[in-house]
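Chains, contacts and geometry: an overview
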Amino acid sequence: MQSKLAYALSVGYETHTNPSFIGDRLSFYSGFELEFGQNLLNSSYQDDNNNISIDVKKAKYDFSTQTVSERAFWHLRYGIYLGFDFYMYKGLYAGMNLMLNAYGKKSYKYSIHSDIDGMEEDFNSNNQVGSFTADFALCPIFHLGWRFR
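Residues numbered from 1 in each chain as written. Predicted model: local features only at pLDDT ≥ 70, side-chain atom pairs only at ≥ 80, totals over all residues. Heavy atoms only, no water.

1. Focus: the packing of aromatic side chains
- Taken as a whole, this structure holds eight aromatic pairs when the rule is applied.
- The side chain of Lys58 reaches across the aromatic face of Tyr108, ending 4.9 Å from its centre.
- Between Lys105 and the ring centre of Phe73, over which it is positioned, the NZ or CZ distance is 4.3 Å. (Phe/Tyr/Trp six-rings, centres within 6.5 Å; stacked < 30°, edge-to-face > 60°. Lys NZ or Arg CZ within 6 Å of the ring centre and 35° of its normal.)

2. A word on the pattern of salt bridges
- Enumeration over the complete set of coordinates arrives at three salt bridges.
- For the salt bridge of Arg77 with Glu35, the shortest nitrogen-to-oxygen distance reads 3.6 Å. Placement of Arg77 in strand S6 (residues 73-89) and of Glu35 in strand S2 (residues 26-46) is noted, with a sequence separation of 42 residues between them. Across the pair, exposure class does not vary: Arg77 and Glu35 are buried alike.
- Taken together, the shared-partner salt bridges connect Glu33, Glu35 and Arg77 into one network. (Salt bridge = Lys/Arg side-chain N within 4 Å of Asp/Glu carboxyl O. Helix = DSSP H or I, 4+ residues; strand = E, 2+ residues; numbered from the N terminus. Buried < 20%, exposed > 50% of the residue type's maximum accessible area, 1.4 Å probe, protein only.)

3. Quick notes on the side chain of Asn39
- Its location among the elements puts Asn39 in strand S2.
- There is a polar contact of 3.4 Å between the side chain of Asn39 and the side chain of Glu70.
- For Asn39, the contacting residues outside a window of four places in its chain are Lys4, Leu5, Ala6, Glu70, Ala72 and Phe73. (Polar contact = N/O pair within 3.5 Å; in protein donor to acceptor, adjacent residues only side chain to side chain. Contact = heavy atoms within 4.5 Å.)

4. A closer look at the nonpolar core
- Ile54, Val56, Ala59, Tyr61, Tyr110 and Ile112 together form the largest nonpolar core, which totals six residues.
- Broken down by secondary-structure element, the contributors of at least two residues to this core are strand S3 (52-57) and strand S4 (59-62). (Core = buried A, V, L, I, M, F, W, Y, C linked by side-chain atoms within 4.5 Å.)

5. Describing unusual backbone geometry
- Positive phi, close to 55°, is recorded for Gln66, a residue that is not glycine.
- Here Gln66 is to be found in the loop between S4 and strand S5 (67-71).
- For Gln66, a relative accessible area of 60% gives the class exposed.
- The backbone of Lys90 sits at a positive phi, close to 45°, despite the residue not being glycine.
- In this fold, Lys90 is placed in the loop between S6 and strand S7 (92-107).

Limitation: the analysis is restricted to geometry and does not speak to function.
In structure tokens, the structure reads:
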């Protein structure tokens, strides 16, 4: 059995400007956001005869190949962005943005506990794998929204 829980929490700030030479239908904005998230994984296996029991914490375990296929991790992302919204009717708008992201990720140490015919064995990983990336992305994602005034 595999269990997975993933979540992300983010906070940010955004400011809008409406240049007078464009009118009130186009709104430019800039902002930043900070996000923290986790991807938590656990695996367990028990055969029909109850002779074999394997519990894996903080990793996804492939029982057919007996390897860890994915590890639990946490991430931190910081993004700054520029964009625009076009107001089509009263509060109804559509827009897009440009974003610069910095993303850091670090995996958790995992543990494996096995009980095979009464013989118990524990394994604890001793390494955490981390990575950092930065990218610039034109997000041609069409967003549609309603502004409540």
